[in-house]
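Architecture at a glance
Listed below are the residues making up each chain.
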Amino acid sequence: MTQLSDIREMWKIQEDLLQQYRGMAITMLGLIAAALMVLISLFVSSWTRVEGVILRLFSPGMPELSDAFILVTFIIYAVLLFLGWQGNVRFKGICATRAKHVTFFQNLHIAEEAGKLQDICAAANTPYPIMHITLLRHIDGLKTPLSFEAPFKKKDMQKFHDIILQTGQKTEDDRIRHDRTRGFLKSWIFTVYNVFFSLATIQLLISVIHAATG
């Protein structure tokens, strides 16, 4: 395979991973959101029953089974909400990082196609042809390289990274960054879930206050 086809293959791999991660995020967060909607509906339909349930549970005597069920429902709601927030934050970070990798390999492709990549490698003191997996591991912030892995100086790798992504260059322009064109899909999906989980949190707080007052 040629250098250009190697880069194109790595570009495709990063793009496929980005789509897979995004699909996993939508599926998992969608299931959590659906479960929360069911619980919200349950609280709303049993609003009168929820009132003062915490006081009744801690009053003398054996609590009613329905009150214990409402308490369990509160716990499930809180756990799902926690998982939703954590999943949203983590998946957003994972997808943002993967989107930068897509941009990086697209720009590598453009540089090689323009016949400039070898000169860029020489300027940044990185080997040519590119060692793709090692390069990607260093870009990801590799701390401890494998014993058989080619070492790179951090400043050289940063210089190479900045040139390829046009970061800090005189010609830097956000409009030409492939990563920026993905802004809507990269962040808006998670913004929608952020809004939903925020509203669900408010609903939980209102329900808890309602349950704690007689």
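Bear in mind the structure is a predicted one, so any value in this text is a computation, not a measurement.

**Some details on the confidence of the model for the protein chain**
Of all residues in the protein chain, 88% attain a pLDDT of 70 or more, and the chain-wide mean is 83. Across the protein chain, the element-wise mean pLDDT spans from 55 in helix 8 (residues 178-181) up to 91 in helix 1 (residues 3-45).

**Some details on the pattern of salt bridges**
Two side chains bearing opposite charge may form a pair once their charged atoms approach each other closely. In total, this model carries one salt bridge according to the counting rule given. Put simply, Lys12 and Asp16 hold a salt bridge, and the shortest N to O gap is 2.9 Å. With Lys12 and Asp16 both in helix 1 and four residues apart, the pair spans about one turn of that helix.

**A look at the nonpolar core**
Leu36, Phe74, Tyr77, Leu81 and Phe197 are the most contacted members of the largest nonpolar core, which totals 29 residues. Elements represented by at least two residues in this core include exactly helix 1, helix 3 (53-57), helix 4 (65-113) and helix 9 (183-212). Ignoring any residue separated from it by four or fewer positions in sequence, one finds Phe74 in contact with Phe43, Val50, Val53, Leu204, Ser207, Val208 and Ala211. Of all hydrophobic cores here, the second largest spans 20 residues; its members include Ile7, Cys121, Ile130 and Leu136.

**Description of the packing of helix 1 against helix 6 (residues 132-139)**
Across the interface, helix 1 lies against helix 6 with an axial gap of 11 Å and an inter-helix angle of 45°. The orientation of helix 1 relative to helix 6 falls into the category oblique. As for the relative orientation of helix 1 and helix 6, their crossing is right-handed in sense. Taken together, the residues of helix 6 that come into contact with helix 1 (itself represented by Gln3, Asp6, Ile7, Met10 and Gln14) are His132, Ile133 and Leu136.

**Thoughts on the environment of Met157**
When you line up the elements, Met157 lands in helix 7 (residues 154-164). For Met157, a relative accessible area of 6% puts it in the buried group. Between the C-alpha atom of Met157 and that of Ile139, which follows or precedes it by 18 residues, the distance is 7.4 Å. With near-sequence residues (within four places) excluded, Met157 lies in contact with Thr126, Leu135, His138, Ile139 and Phe152.

**What about unusual backbone geometry?**
Residue Tyr128 is joined to Pro129 through a cis peptide bond whose omega torsion reads 0°. Residue placement: Pro129 occurs in the loop between helix 5 (117-123) and helix 6. Even without being glycine, Asn125 reaches a positive phi, approximately 60°. With respect to the secondary-structure elements, Asn125 resides in the loop between helix 5 and helix 6.

**Some thoughts on the packing of aromatic side chains**
Enumeration over the complete set of coordinates arrives at seven aromatic pairs. Note on Phe196 and Phe197: the rings are 5.7 Å apart at their centroids and 70° apart in plane angle, and the pair reads as edge-to-face. Look at Phe196 and you get buried, because its relative accessible area is 19%. Through a chain of ring-to-ring contacts, the aromatic side chains of Trp85, Tyr193, Phe196 and Phe197 assemble into a single cluster.

The rules we used
- Residues numbered from 1 in each chain as written.
- Predicted model: local features only at pLDDT ≥ 70, side-chain atom pairs only at ≥ 80, totals over all residues.
- Heavy atoms only, no water.
- pLDDT = per-residue confidence, 0-100.
- Helix = DSSP H or I, 4+ residues; strand = E, 2+ residues; numbered from the N terminus.
- Salt bridge = Lys/Arg side-chain N within 4 Å of Asp/Glu carboxyl O.
- Core = buried A, V, L, I, M, F, W, Y, C linked by side-chain atoms within 4.5 Å.
- Buried < 20%, exposed > 50% of the residue type's maximum accessible area, 1.4 Å probe, protein only.
- Contact = heavy atoms within 4.5 Å.
- Axes fitted to C-alpha atoms, helices over the stretch in contact; angles between N-to-C directions.
- Parallel < 35°, antiparallel > 145°, perpendicular 65-115°, else oblique.
- Left-handed = near helix turned anticlockwise from the far one by under 90°.
- Phe/Tyr/Trp six-rings, centres within 6.5 Å; stacked < 30°, edge-to-face > 60°.

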